Structures are given as structure tokens and as C-alpha cells.
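Structural overview
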Amino acid sequence: MYPDKHKEIVTSLMEGKFITVEDFLFETIKKNEDFYINFFETSFGFEIIGNHDFYYLVSSDTNENTSRDISIFFSILCYELDKDGKNFLEELNYSEFHIDEILEFFKNSSWLDVIKANKQLNTDDSLKRHIGTMVKRNIAVKQSNDRYSFTKAHKLFIDFAKDLVKDDKNESIA
Amino acid sequence: MIKSEPKSILQFMASHYDLLRDLFDLQVKNDIITKEALSICIENYDKNIQAQLTEYQILVEQNDDFAFNEPYLILFEFIHQQFKPLLPEEIEHFGQSIRTLFLKIKEGINDDKNILLERIEALSNQIKKFTNAVINNTKSLLTESKELKANNKKIDYQEKIHKARYLIENYISPLNTILDVNHSQSIYNELLNVSQFSNVKRFDYGDESIRREFEKLYHLLRQVGKDLNTQSVILTNELLPLIERIKTESQYLRGFHHYLNNGNCYKGIEPPRIFVSTRDNIYNRFVYENTKEYFEQFKNEAELIVVEDAQQTIDWLFDKSKYKETLNKNLPVEDFFKWCESSIKQESENFSFDNFFMVTSLLFEDDYEVTVNKQGNKITVSNDESELIMPKLTIKKQEDVSR
């Protein structure tokens, strides 16, 4: 017998979606983690990666461009939130953002050269489409009235950036 | 010597509070009020009060410039709760005085009564100053850290980290040490020793006035203990976590800065691996309907009954080797097709042309040489159903082919 909602789990993951701890499917995967590791490896040669926040699939192919765009998006958003005096870690976890607010952050960002060089982020329309891509992958969630929140999947991209200088103790402040 | 009435001074301060507040801010910012800055400030308010400012000794001259007189500065700091954090060395200075006085009191416990009384009084004063310094420092550090966290001045993260590091190293960590009960050299522990000593002496001393002084000192220290404990809690529960958050965020921000800087995000650094989704769903959206449809097509199919033919027919089999052997014996044959007809008729009078053609296939064997009759004679072969008209073929053994 397959676990409950097996078809939904497989379909979501194969669409490149993150299944996050907020989602009831998360518990099913967690309970049957060994089964799913084996299932994806044997059936498709894919690896399912999970932690206490989310599960997602990886294969030998990677969608490098999309991943880069998402990483740049979060790096800039966090940077601007911090400049605005906000606790970006809490904001990403618990707050909703109006689309105009996000657009404004990017418009006034000090990383304009990076933004201009990126076709997914350099205009209002492309930025909206990019957020749409994140919604499809369950990294962002569209709420009512053009507001968006972020799922725990955002951590993959901000932790990635943090770990880039993890071993560099020279600039440590404590 | 101030000649004016204290009430007049306070009334003057109340009347010109806004101007004095501006001067206080200048003093805090620059540690001095330049002559030019003072003139501009006075002009802005259109109040010619420079004479009173010096007469009431609110401002004192420093060369050609001015500075807030210290008692007023302390008053303004206090009423605005806006203290300049003291360096640990400044706070430690109170600690040294406390240690020295306490040592003197213990050593001269049986000395002259008057000097002992004055030392106890001086010790109390130093303890009060120390406590105030700690309370004010905690407040100002908390305010500064909160401002830093809120980043009201919109400073860059590197400057922010620099400031946070500066606050931790120079103010917060040393203050923590001063208040650390587990640190044997902390002033807090020294105060506990004073408290213990005065608690004994308030009962165990010959002179009543000295006992009373120790009693006052002991009660002061009980209150100080509570106050310092409160500050220590603020430090542990608010200030250190606040700095810790700035620190955690800074680790992320350093990562973002590194990633975005120098085009790093476009070259050299690979982003996290994510799945390439395909349009082909592993489960077709209509898999259920399609499967159902597939099986349903068999559901109502009419029953097909196959009735086998009861009459057995004996199939004629062409025994090629047998026919070839016969043919070889009869070579050369003048009329091949007629030979075929007569051969097959020996087996069955009623032959079919299918069988006839099978026998004629011997014609294509490599062993024979076939020639067409030069006169163009035709022969006929017939059975019950039809008649074939064919050329007359002569067949003989091929000379150079070994059999």
C-alpha cells in the first residue's frame, strides 16, 4: 500500500514544488521518509532532500537560472529589509508583503547593477512573473489583495548565501 | 558665585527650554558648542540670552567656544534619560574607590571613630554613583542597540556590524563582567562582601552611631543588589539577545553581500540545486478516465463464436526432393510444364493450380539449364476449373554445375 496522498506528493515534488512544514503532506513524507528516498531513487534516479522545514527533489539536472534568480531575489530583499530597520529573518517567516512594497524595495535598491543585469528582476512585470514562479514552486504563497508571504522554503536560498562565508571568521563581530 | 535666585534660573530654563535643548544636543554631538553655533542657535530663536547663559553658569567658556556646565549637563541627561555610555574604565574607577574604602574600613575598624564614619559615608556615595552609572549605562546601551537594530539612520550593514562590534567589545561585555556574580573580581562580588561585612557590624560594634551607619550601608546595599540584579536581567534578556540578533543577521548579510558583490552571483558561485520540472506529468491528468475508457471498450463487445469446419481436408504437400529426383532421372525434358502436369497427375488426377505452380518452382533451381522453344510453340495445361497457356520450355542438366 502506498502512503496517503501518495499521488499528490509525487505530483507536487515532480513539478519542482517544495513541500514545507506548513503543508499536511510534509508529515506523510516525514513518516515514510525511507520509503520516499527509495521510491524516487529506484523509480527515477532522483534524490529527495529534506530537513525539519521542507522536502524537495533534485536530479542530475538543475534549473540553475531559476535558482540563481531566486537566490538574488532573497539576497536583495533581505538586504533592503535590513536597511529599512526590519528584522528580515522574522519578516520572511511571519510577514506578508504587498506586491508594490516588494517592487519598491527593488526600485530603490543599492544593488541596481545586479538587478539591471537580471531579466527576471529588472522590470515590474518580470519581477511579478518571477514571484509567480516562486508561487508555483511553493516558495511564496499568494494571499488576498496582491499580498505575498514566503514559505519555509526560502531558507534554502538565504542559508545558501550565509554559508558562502561561513568559514570566514575574520569579519566575525563577536 | 551665582547671584541670581534659584527660582529665576529654573524659570529661565523653562522659558527657553527649546533653545537649551538644541544647545544640549550640540554638546552631546560635538562635546563642545562653538561660538558660531551658539550665535546661530540664538538667532534662530531670536532671543538675546547669551548673557544669562553665562551668568547662570549654564554655559562655561572654553577658550573662544562654550560647553554645557557639568551639573546642567547631568540634569539634562537625567531629564531626557539620554546618557552617554560610560566606558568600563570609568565604571571601574568607582569599583576601585569602593575596594580601597572597604579595605580602609576593615583595616581601621578600631581606629578613630570620626574617620571610620566618614569612610562609611564615602563608601555609600561611591556605591550610589556606581549603581547610577550602571543603570544609566544599561539604558543608554539598550537605546543605542535598539537604534542600531532599527537602523534609523539607514546605515550600510558593514558600518552597522562595526558599530555593534564596537558596542559589544567596549561596553557590553565589560559591563557584563562587572555585574557577573561568577566572576571573582567583579564589582558586584565586592559589593556582596561589603554587604556581608556591614550586616555583621550593624549588630556587632561597640559604638551605636557606627552601628547605625553600618545599618544604613547594609540597607543601601540591599537596594543596590536589587537594582543591579534588574540591570543584569536587562543585559541578559534584552541587550545580549538584541546584539545576538544583530550578529546572526550580520552573518546572513555578509553572505548576501558576498554573493551580490563583484558579479559573484553570475560567475563562480553555483546556486542551490533545484528540480527541473517537466511538462510531462508522471500521472496523466486523465489517467483514471483513460484507463476506464480502455477497459470499457471490451465490456459490451458482442460475443464472437468460431465454428470449426467439421469436414477435414487433406492438405497436399509438395515433396520437393521427390519431384526433383524424378525430374533428374528424366532429363532432358522437352516440355517442362507438360512434365509437371503429368507428374502431379500421377499423384492426383484432380490437381489445383496452386499445387501445379509449386511443382513448376523446380524451374528456378540452379542445377538446370532452361531454353525456350524457338518456334514459339505454346502448350496448355488444364484442370476442372481453368486452363493455362504457357510457353514450351526445354530443360536439361547444367553441364558445369556439380550435383
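Counting restarts for each chain, with residues numbered from 1 along the sequence as it is written. Chains and ligands are labelled by the order in which they are written, letters from A for the one and numbers from 1 for the other. Totals for whole chains, interfaces and linings use every residue, but because this is a predicted model, local features are given only for residues with pLDDT of at least 70 and side-chain atom pairs only at 80 or more, for both listing and counting.

Some points on the overall build of chain A
Secondary structure elements are taken from DSSP: a helix is a run of H or I of four residues or more, a strand is a run of E of two residues or more, and numbering for both begins at the N terminus. When helices and strands are counted, chain A shows nine helices and six strands. Looking at chain A as a whole, 38% of its 174 residues are labelled buried. Relative to all contacts within chain A whose residues are 6 or more apart in sequence, the contacts with residues 24 or more apart total 55%. Put plainly, a residue is buried at 20 or more neighbouring C-beta atoms within 10 Å of its own, exposed at 12 or fewer, and partly exposed in between, counting only other residues' C-beta atoms, which are placed from the backbone. Residue pairs are scored as contacts if the distance between their C-beta atoms, which are placed from the backbone, is within 7 Å.

Details of the interface of chain A and chain B
Contact with chain A, which involves 44 residues of that partner, is made by 36 residues of chain B. Going through the elements one at a time, α1 (6–14), β3 (54–58), α4 (64–83), α5 (88–94) and α9 (154–163) of chain A are the ones with two or more residues in the side of chain A that touches chain B. Broken down by element, the side of chain A that touches chain B gets its largest block of residues, 12 residues, from α4 of chain A.

Quick word on the sheet that holds strand β1 (residues 19–20) of chain A
All names here are of chain A. If you walk across this open sheet you meet the three strands as β1-β3-β2, and the pairing is antiparallel. Of all strands in the sheet, those with a lone pairing partner are β1 and β2 (47–50), marking the two edges. Whether two strands pair depends on DSSP finding at least two bridges between them. Note: β1 against β3, two bridges, orientation antiparallel. Across the sheet, residue Thr20 finds its bridge partner in β3, namely Phe54.

Regarding the nonpolar core
Only buried residues count toward a nonpolar core: Ala, Val, Leu, Ile, Met, Phe, Trp, Tyr and Cys, linked into one set through C-beta atoms within 7 Å. Among the nonpolar cores identified, the biggest contains 50 residues, and Ile19, Ile76 and Cys78 of chain A together with Phe256 and Leu260 of chain B are the most heavily contacted of them. With nine residues, the single largest contributor to this core is α4 of chain A. Residues within four places of Phe256 of chain B in sequence aside, it is in contact with Ser75, Cys78, Tyr79 and Ala161 of chain A.

Comments concerning helix α9 (residues 187–201) of chain B
All names here are of chain B. A helix is expected to span 1.5 Å multiplied by its residue count minus one. Taking 1.5 Å per residue, 15 residues should reach 21 Å; α9 reaches 21 Å between its end C-alpha atoms and fits that length. Residues Ile187, Tyr188, Leu191, Val194, Ser198 and Lys201 constitute the buried set of α9. Looking straight down α9, one finds its buried side chains confined to an arc of 140°; they lie on one side. What points out from α9, more than 90 degrees from its buried face, is the exposed set Gln196 and Val200. In the core, the buried residues of α9 are packed alongside α6 (88–107), α7 (113–150), α8 (157–179) and α10 (208–260). Directions pointing from the helix axis toward each C-beta atom define the arc.

With respect to the confidence of the model for chain B
Averaged over chain B, the pLDDT score is 84; the fraction of residues at 70 or greater is 95%. Interface confidence for the predicted complex, given as ipTM, is 0.90, next to a pTM of 0.55. Scored from 0 to 100, pLDDT reflects the predictor's confidence in each residue.

Some details on the sheet that holds strand β5 (residues 140–142) of chain A
Backbone hydrogen bonds are what pair the strands of a sheet, in a parallel or an antiparallel way. Residues and elements named next belong to chain A. Overall, antiparallel pairing links the three strands, which are arranged β4-β6-β5 in an open sheet. One side of each edge strand has no neighbouring strand; the edge strands of this open sheet are β4 (97–98) and β5. Bridge count for β4 against strand β6 (residues 147–150) is two bridges, and the pairing is antiparallel. When the sheet's bridge partners are listed, His98 is paired in β6 with Arg147. An axis is simply a line fitted to the C-alpha atoms; with a helix, the fit covers only the stretch in contact. Between two such axes, the angle follows the N-to-C directions and lies from 0 to 180 degrees. Relative to β5, helix α8 (residues 124–136) is tilted by about 105°, and along the sheet it contacts β5 and β6.

Details of the environment of His6 of chain A
Residues and elements named next belong to chain A. Mapped onto the elements, His6 comes out in helix α1. Exposure remark for His6: the 17 C-beta atoms within 10 Å place this residue in the partly exposed category. Distance in space between the C-alpha atoms of His6 and Thr28 is 8.7 Å, their sequence separation being 22 residues.

Regarding unusual backbone geometry
The omega torsion across Leu331 of chain B and Pro332 of chain B is -10°, close enough to zero to call that bond cis. Tracing the backbone through its elements, the reader meets Pro332 of chain B in the loop between α12 (320–330) and α13 (336–347). With a phi close to 60°, Lys5 of chain A is a non-glycine residue in the positive phi region. Examined against the element boundaries, Lys5 of chain A turns out to sit in the segment before α1. The residue Asp146 of chain A is not glycine, and still its phi comes out positive at about 60°. In this structure, Asp146 of chain A sits in the loop between β5 and β6. The class for Asp146 of chain A is partly exposed, based on 13 C-beta atoms found within 10 Å.

A few points about the environment of Leu13 of chain A
Residues and elements named next belong to chain A. Considering the arrangement of structural elements, one finds Leu13 in helix α1. Residue classification places Leu13 among the buried residues on the basis of 23 C-beta atoms within 10 Å. Separated by 45 residues in the primary sequence, Leu13 and Val58 place their C-alpha atoms 9.4 Å from one another.

With respect to the packing of α9 of chain A against α10 of chain B
In contact at an axis separation of 7 Å, α9 of chain A and α10 of chain B are set at 85° when each is read in the N-to-C sense. When the axis of α9 of chain A is compared with that of α10 of chain B, the two are roughly perpendicular. Residues Ile158, Ala161, Lys162 and Asp163 of chain A of α9 of chain A lie in contact with α10 of chain B, whose contacting residues are Gln251, Tyr252, Gly255, Phe256 and Tyr259 of chain B. Only Asp, Glu, Lys and Arg are considered charged, only Ala, Val, Leu, Ile, Met, Phe, Trp, Tyr, Cys and Pro nonpolar, and every remaining residue, Gly among them, polar. For the contact of α9 of chain A with α10 of chain B, the per-class residue count stands at five nonpolar, two polar and two charged. Our angle categories are set so that under 35 degrees counts as roughly parallel, over 145 as roughly antiparallel, 65 to 115 as roughly perpendicular, and the remainder as oblique.

Remarks on the pairing of β3 of chain A
Every regular strand shows the same layout, with side chains that alternate between the two sheet faces. All names here are of chain A. Summarising burial for β3: four of the five residues are buried, a large majority. Two strands pair when backbone bridges link them, and β2 and β3 are joined in this way by four bridges, in the antiparallel orientation. What sits directly across from Gly50, in β3, is Tyr55. Linkage of β2 to β3, two consecutive antiparallel strands, is achieved through a turn of three residues.

Some details on the packing of α8 of chain B against α10 of chain B
Residue and element names in this part refer to chain B. At their nearest, the axes of α8 and α10 sit 10 Å apart, and the two run at 155° to each other. Relative to α10, the element α8 is oriented roughly antiparallel. As for the relative orientation of α8 and α10, their crossing is left-handed in sense. Mapping the contact onto sequence places Tyr157, Ile161, Ala164, Ile168, Ile172, Leu175, Asn176 and Leu179 in α8 and Leu228, Gln231, Ser232, Leu235, Leu239, Ile243, Ile246, Lys247, Ser250, Leu253 and His257 in α10. Class assignment of the residues belonging to the contact of α8 with α10 gives a composition of 13 nonpolar, five polar and one charged. In this scheme the crossing of two helices becomes right-handed for a clockwise turn of the near helix relative to the far one and left-handed for an anticlockwise turn of less than a right angle.

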